[in-house]
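Geometric and topological summary
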Amino acid sequence: MSYNHILVPVDGSQISFSAVRHAAEIAKQFNAQLSLISLVAEDPFTDVDFYYSSAIMKEYFVQAYQNAEKALQEALKIADDAGVSAQSKITKGEVSAEGIVDAAKDLKADLIVIGSHGNKGFKKFLLGSFAQDVLGSTELPVMVIKA
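Since we're looking at a predicted model, the values are computed, not measured.

On to the overall build of the protein, then. What the protein contains, in helices and strands, is six helices and five strands. Ordered by position from N to C terminus, the α and β elements of the protein give β-α-β-α-α-β-α-β-α-α-β. Sorting the 147 residues of the protein into buried and exposed places 41% on the buried side. Within the protein, residue pairs in contact and separated by at least 24 positions form 76% of the contacts whose partners lie at least 6 positions apart. About 8700 Å² of surface is accessible on the protein, with carbon and sulfur atoms providing 53% of the total.

Once the charged atoms of two side chains with opposite charge are near each other, the side chains can pair. All chains considered together, the criterion is met by two salt bridges. The shortest N-O distance in the salt bridge between Lys-28 and Glu-25 comes to 3.8 Å. Note that Lys-28 and Glu-25 are positioned in helix H1 (residues 14-30) at a spacing of three residues, about one turn of the helix. Residue Glu-25 is classed as partly exposed on the basis of its relative accessible area, which comes to 38%.

Let us now look at the environment of Leu-135. With respect to the helices and strands, Leu-135 occurs in helix H6 (residues 130-137). Residue class for Leu-135 comes out partly exposed when judged on its relative accessible area of 42%. For the pair formed by Leu-135 and Ala-97, sequence separation is 38 residues and the distance between their alpha carbons is 8.3 Å. In contact with Leu-135, not counting residues within four places along its chain, are Val-142 and Val-144.

Take a negative patch on the surface next. A contiguous patch of negative charge, built from Glu-94, Glu-98, Asp-102, Asp-106 and Asp-133, is present on the exposed surface. The leading source of residues in the negative patch is helix H4 (residues 97-107), at three residues. When its relative accessible area of 41% is taken as the criterion, Asp-102 is described as partly exposed.

Another point: the sheet that holds strand E1 (residues 5-9). Two pairing modes exist for strands in a sheet, parallel and antiparallel, and in both the strands are linked by backbone hydrogen bonds. Reading across the sheet, the five strands line up as E3-E2-E1-E4-E5 and stay open at both edges, with parallel pairing between neighbours. Two strands bound the open sheet, and with one partner strand each, they are strand E3 (86-93) and strand E5 (142-146). On average, each strand axis in the sheet is tilted by 25° relative to the strand beside it, whichever way the strands run. Bridge count for strand E2 (residues 33-41) against E3 is eight bridges, and the pairing is parallel. Opposite Ser-38, over in E3, you have Ile-90 as the bridge partner.

As a further point, take the side chain of Ser-16. Among the structural elements, Ser-16 can be located in helix H1. Polar side-chain contacts of Ser-16 include one of 3.2 Å to the side chain of Asp-11. The residues touching Ser-16, leaving out its near neighbours within four places in the chain, are Val-8, Pro-9, Val-10 and Asp-11.

Another aspect to go through is the confidence of the model for the protein. The share of residues in the protein with pLDDT of 70 or more is 82%, and the mean pLDDT across the chain is 84. Per-residue pLDDT stays below 50 along residues 122-128; that stretch engages in six contacts with residues further than four places along the chain or on separate chains.

Parameters and conventions
- Residues numbered from 1 in each chain as written.
- Predicted model: local features only at pLDDT ≥ 70, side-chain atom pairs only at ≥ 80, totals over all residues.
- Heavy atoms only, no water.
- Helix = DSSP H or I, 4+ residues; strand = E, 2+ residues; numbered from the N terminus.
- Buried < 20%, exposed > 50% of the residue type's maximum accessible area, 1.4 Å probe, protein only.
- Contact = heavy atoms within 4.5 Å.
- Areas by Shrake-Rupley, 256 points an atom, 1.4 Å probe, with all protein chains shown as cover.
- Salt bridge = Lys/Arg side-chain N within 4 Å of Asp/Glu carboxyl O.
- Patch = residues over 30% accessible without salt bridge, like charges linked within 9 Å, V, L, I, M, F, W, Y side chains within 5 Å.
- Lys, Arg positive; Asp, Glu negative; His and termini not counted.
- Charge placed at Lys NZ, Arg CZ, Asp CG, Glu CD.
- Pairing = 2+ DSSP bridges.
- Axes fitted to C-alpha atoms, helices over the stretch in contact; angles between N-to-C directions.
- Polar contact = N/O pair within 3.5 Å; in protein donor to acceptor, adjacent residues only side chain to side chain.
- pLDDT = per-residue confidence, 0-100.

This is the structure:
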């Protein structure tokens with residue numbers, strides 16, 4: 001099996017950077033395109049006019065975009081250090097498994113590489129498993145990199 005386009009969601013955590021390292025090695029082996037995305041959340045229950053006019057919300061978005069950009073710059077450096085060129089994109093919307101799966105469809109990715117913090121037991125019950133949600137939301141192959 002070979003891959004042509006690999007998608008890696010990046011949230012700035014060390015485990016997401018580990019996923020980038022793994023994906024870069026796979027991309028190098030298959031001469032595949034590597035796409036790095038960072039999702040910036042919007043609250044769908046907030047009135048749009050208030051949402052974009054509130055000083056607090058504007059500051060939230062500025063900070064969220066700065067954090068996403070910083071994480072993607074670090075991820076791009078990891079890929080570059082591995083000898084792989086990558087593209088990056090900040091996606092605005094719901095931070096969810098569906099957001100990642102939609103990005104994979106839009107980019108025509110054929111593999112998703114995602115980090116997982118490996119929560120177990122009660123912590124997993126409370127927090128859920130984002131990687132598991134991605135697995136259950138797509139028919140694409142998903143490689144989960146554990147902490």
